[in-house]
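# A look at the structure
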Amino acid sequence: MSSSGGRPMPITAPPQGVEIRNISPCRGRGVVATKDFKKGDILIKEKPLLAYQDSANVPLLLACGHCLRPLGCVELQMDILKGDCDPANLEAPSWKLPVQLPEESKAFSPEVLPCSMGCGAMYCGKTCRDEAKNDYHKFLCVGSLKTTEAPLYQFKMHALRNNLDLIFAGKVLVNIVARFLSQDPSIDFEKRAQVAKRPYMSFVKKKWWDIAVKPKHLLHLSNEQFRKMMVEQLTTSYTLLSQALKESKSWPTYTRYTANSVSDGSDRSSITATAAKNTTVSVMGLEEFASIVGMLHQNQLGIRRASPVKAYLEHLNKLESSKSKETSWRVIRDKMAEIQYQDEYDEEEEENNPQEEKSPQEEKFPQEEKSPQEEKFPQEEKSPQEEKSAQEQTHSEEDIQAGKEGEEEEEMEIGDVLKDTDLCDEILCPFDGAALFSLICTLNHSCDPNIVIDYGCSFGPVEARVVALRDIRKGEELCFSYLRKKLTLEERRHELLDYGFVCTCKACEEEEKLEKMAATKKHKKKPNKKKCCPSTSLTESCCN
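So, a few notes on the structure that sits alongside this text. Per chain, residue numbering runs from 1 following the sequence as it is written. Local features in a predicted model are, by the rule used here, given only for residues with pLDDT of at least 70; side-chain atom pairs are given and counted only at 80 or more, and totals for whole chains, interfaces and linings are based on all residues. With hydrogens and water excluded, all non-hydrogen atoms of the structure serve as input to the side-chain values.

In terms of backbone geometry, most residues other than glycine have negative phi values and most peptide bonds are trans. Despite not being glycine, Leu68 shows a phi value in the positive range, around 70 degrees. Helix numbering and strand numbering both begin at the N terminus, where a helix is a DSSP run of H or I of at least 4 residues and a strand a DSSP run of E of at least 2. One can find Leu68 in the loop between β6 (50-53) and α1 (74-82). Per-residue accessibility, obtained with a 1.4 Å probe over protein chains only, is compared with the maximum for each type, and a residue is labelled buried under 20%, exposed over 50%, and partly exposed between these values. On the basis of relative accessibility, which here comes to 2%, the residue Leu68 falls in the buried class. Located in the positive-phi region is Lys249, a residue other than glycine, with phi close to 55 degrees. Among the residues examined, Lys249 registers a relative accessible area of 80% and is labelled exposed.

Shown next as structure tokens:
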């Protein structure tokens, strides 16, 4: 196996009990059970080839830039959530919870190492920092850039504005470059390029501009216009990144001597040197880069793990009642309340002060003019009856508010908060990211899955686990759902267009049959309109 920056790539061989097979021309390859499994069995464990944390998630949860392990401690993560600490300029928390996680749990990395080139990336230790640097980061780090006009900076900004898949594709491209440069330079260029790309060769790779589905806000574009836009986005992205690598003298190319085409059918070996031309070949061209983006679009897996603070609360909930437990919970609860209040305040501010552009009508009439009647009588005097009614309404509203405040003063238990998953995820932001797995990403989709992919606890490096949802028999294909939520047949098929296929799994076929039967039954029940007899008056029923 070739090395990437001096270390082996984590390409996963199928474990005992499963194997990769060709399922059908339509479905391609898939993973099949070679023995029986029970519900709840873990069939596969796998670390990612490459992974990343969503850019919008980075300011809310501090994680290692390589293995995605949470960093610091519960107190630091809470300070970041509250906005009391900037992840780019870390400061030690000024407070400490009475109950700490046991050291043997290795929940957090005690070490937080910044990127040595000063870009702001954080790592859980020297091992991860060095691996990241050798595998991809030394090509993508913006810490040493002296201007925002630099191609690398422009590449990242272009990707953030258009599509985050472009950043991940850039990570794959520079990883291939790192793998190429780590090999013996005396080996043939094309052989080295082939070895460098080997970890990514097993995935479906269709060009992004051939598989991208138009989003709703671009439905007004024709297919040709949309494809042209995709080509332009990718060309810009590829040009900026390759230019950045050329400037750092890290863009492998060589000159290939090829013969011009001959129309007389003569033997190519007799073509003279004057009929040859020089072609500069790079480690990856634009179309291959488009295939990398398409590969990620169809194969990468979204990762969501609960906040490490939530995991801490789950640990706290299991402990026996004690003063230190109560104190720890009260501190966390109060800070959660502050975060929730701040979020609600921010939402209210956005509603009251929308930044949306005014319509031409609003621009023309920014404020309605008062009528002469309103100017003359700015406020009508209320009758004694209306005044009394208004006072009663005010008292009623005050009573309701007082009741709400009384309810808010009631202390919630840890278990109650943990049961409210939506509330926990709203206040304690979960980890969001994506990853590419060499084996798990070859699993096919089914709307009636027999497995689920889970990422274990919120602590430690990211590792995917394939868990059986029911008993699985030998010879059965392992399938999971590509969709996170329950959708109708029509909605599912629309969502799955992003993956380049129309689902024809057993569940879809049965649902389609039921829909057709229901439509036929409804059509048969529809009564035929009968013509009234000419002699029947309008007030009489013609059916009597």
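Right, let's talk about the state of the cysteines for a bit. Criterion for a disulfide: a pair of cysteine sulfur atoms at a distance within 2.5 Å. Summed over all chains, the structure comprises zero disulfides. The closest cysteine sulfur to the non-disulfide-bonded Cys124 is located on Cys128, 3.6 Å from its own sulfur. No disulfide involves Cys505; its nearest neighbouring cysteine sulfur is the one of Cys503, lying 3.5 Å away.

The next point concerns the sheet that holds strand β12 (residues 431-436). DSSP-based pairing: two strands are paired if at least 2 bridges between them are found. Taken in spatial order, the three strands line up as β6-β12-β11 in an open sheet, and their pairing is antiparallel. In this open sheet, the two strands that pair with only one neighbour each are β6 and β11 (301-305). When the angles between neighbouring strand axes are averaged without regard to direction, this sheet yields 25 degrees. Note: β11 against β12, five bridges, orientation antiparallel. When the sheet's bridge partners are listed, Arg304 is paired in β12 with Asp432. The angle between two axes is taken between their N-to-C directions and runs from 0 to 180 degrees, where each axis is a line fitted to C-alpha atoms and a helix contributes only its stretch in contact.

The subject of this paragraph is the environment of Ile20. Of note, Ile20 is situated in strand β3 (residues 18-24). With relative accessibility at 31%, the residue Ile20 sits in the partly exposed group. Residues Ile20 and Gly30, spaced 10 residues apart in sequence, show a C-alpha to C-alpha distance of 5.6 Å. Beyond its immediate chain neighbours, meaning those up to four positions away, Ile20 contacts Pro14, Arg29, Gly30, Val31, Leu439 and Thr442. Contacts were defined at the residue level, with two residues in contact if any of their heavy atoms lie within 4.5 Å.

For any two helices packed against each other, one specifies the crossing angle of their axes together with the interaxial distance. At their nearest, the axes of α1 and helix α9 (residues 308-318) sit 9 Å apart, and the two run at 130 degrees to each other. Comparing their axes, α9 and α1 come out oblique. Classified by chirality, the crossing of α9 by α1 is left-handed. For the pair formed by α1 and α9, the contact residues are Val74, Gln77 and Met78 on the first element and Pro308, Val309 and Tyr312 on the second. Residue polarity is assigned by list, with Asp, Glu, Lys and Arg as charged and Ala, Val, Leu, Ile, Met, Phe, Trp, Tyr, Cys and Pro as nonpolar; anything else, Gly included, falls into the polar class. Partitioned by chemical class, the residues of the contact of α1 with α9 number five nonpolar, one polar and no charged. With respect to orientation, any angle under 35 degrees is reported as roughly parallel, any angle over 145 as roughly antiparallel, any angle of 65 to 115 as roughly perpendicular, and every other angle as oblique. The handedness criterion is simple: a crossing whose near helix is rotated anticlockwise from the far helix by less than a right angle is left-handed, and one whose near helix is rotated clockwise is right-handed.

The nonpolar core is taken to be a set of buried Ala, Val, Leu, Ile, Met, Phe, Trp, Tyr and Cys residues, with the residues joined through side-chain atoms within 4.5 Å. Residues Leu43, Leu173, Leu436, Ile440, Leu443, Ile453 and Leu478 are the most contacted members of the largest nonpolar core, which totals 100 residues. Top element by residues in this core is helix α4 (residues 165-181). It accounts for 10 residues. Once residues within four sequence positions are removed from consideration, Leu173 is found in contact with Leu241, Leu245, Trp251, Met284 and Phe289. Listed in part, the 27 residues of the second largest apolar core include Phe108, Met336, Ile414 and Leu418.

For the rest of this paragraph, the subject is the sheet that holds strand β15 (residues 464-468). Within a sheet, each strand pairs with its neighbour through backbone hydrogen bonds, oriented either parallel or antiparallel. With antiparallel pairing, three strands are arranged side by side in an open sheet as β5-β15-β14. Every interior strand has two partners, whereas the edge strands, β5 (42-46) and β14 (451-454), have only one. On average, each strand axis in the sheet is tilted by 15 degrees relative to the strand beside it, whichever way the strands run. Two elements, β5 and β15, share four bridges in a ladder whose sense is antiparallel. Each bridged residue has a counterpart across the sheet, and for Lys45 the counterpart in β15 is Arg465.

Now for the packing of helix α2 (residues 126-140) against α4. Contact pair α2 / α4: the axes reach a minimum separation of 8 Å and the direction vectors enclose 120 degrees. Between α2 and α4, the crossing angle belongs to the class labelled oblique. As α2 runs across α4, the sense of the crossing is right-handed. Here Asn134, Asp135, Tyr136, Phe139 and Leu140 of α2 lie close against α4, whose contacting residues are Gly170, Lys171, Val174, Asn175, Val177, Ala178 and Leu181. A breakdown of the residues in the contact of α2 with α4 according to their chemical character gives seven nonpolar, three polar and two charged.

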